[in-house]
Amino acid sequence: MKDYKLVYLNKGLSVTREKDIEKAEEMINQYISQGWTLQQVATPADGAGAMIGIFYKESKL
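Residues numbered from 1 in each chain as written. Predicted model: local features only at pLDDT ≥ 70, side-chain atom pairs only at ≥ 80, totals over all residues. Heavy atoms only, no water.

A look at the environment of Ser59
Part 1 of the reasoning: Tracing the backbone through its elements, the reader meets Ser59 in the segment after strand S3 (52–58).
Part 2 of the reasoning: Distance from Ser59 to Lys11, taken between C-alpha atoms, is 27 Å for residues 48 residues apart in sequence.
Part 3 of the reasoning: If sequence neighbours within four positions are ignored, Ser59 has contacts with Met1, Lys2 and Asp3. (Helix = DSSP H or I, 4+ residues; strand = E, 2+ residues; numbered from the N terminus. Contact = heavy atoms within 4.5 Å.)

Overview of the sheet that holds strand S2 (residues 37–42)
Part 1 of the reasoning: Strand order in the open sheet formed by 3 strands is S1-S3-S2, with antiparallel pairing between adjacent strands. Every interior strand has two partners, whereas the edge strands, strand S1 (2–8) and S2, have only one. Each neighbouring strand pair of the sheet contributes to a mean axis angle of 20 degrees, computed without reference to strand direction.
Part 2 of the reasoning: With 7 bridges connecting them, S1 and S3 associate as antiparallel partners. (Pairing = 2+ DSSP bridges. Axes fitted to C-alpha atoms, helices over the stretch in contact; angles between N-to-C directions.)

This is how it looks when you write it as structure tokens:
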């Protein structure tokens, strides 16, 4: 069985999209180091706003 977690990857507003991507990369690496696996990154259709990371981890029964 898998446990899932949805995470805002770029909380707050940045001046540039590049800063948003840097924040997202840092958050992804943080969760991966905790044993989570990134499944997907969902971005808003308008190109602005929060990116959401979908992570999963195999749960122990």
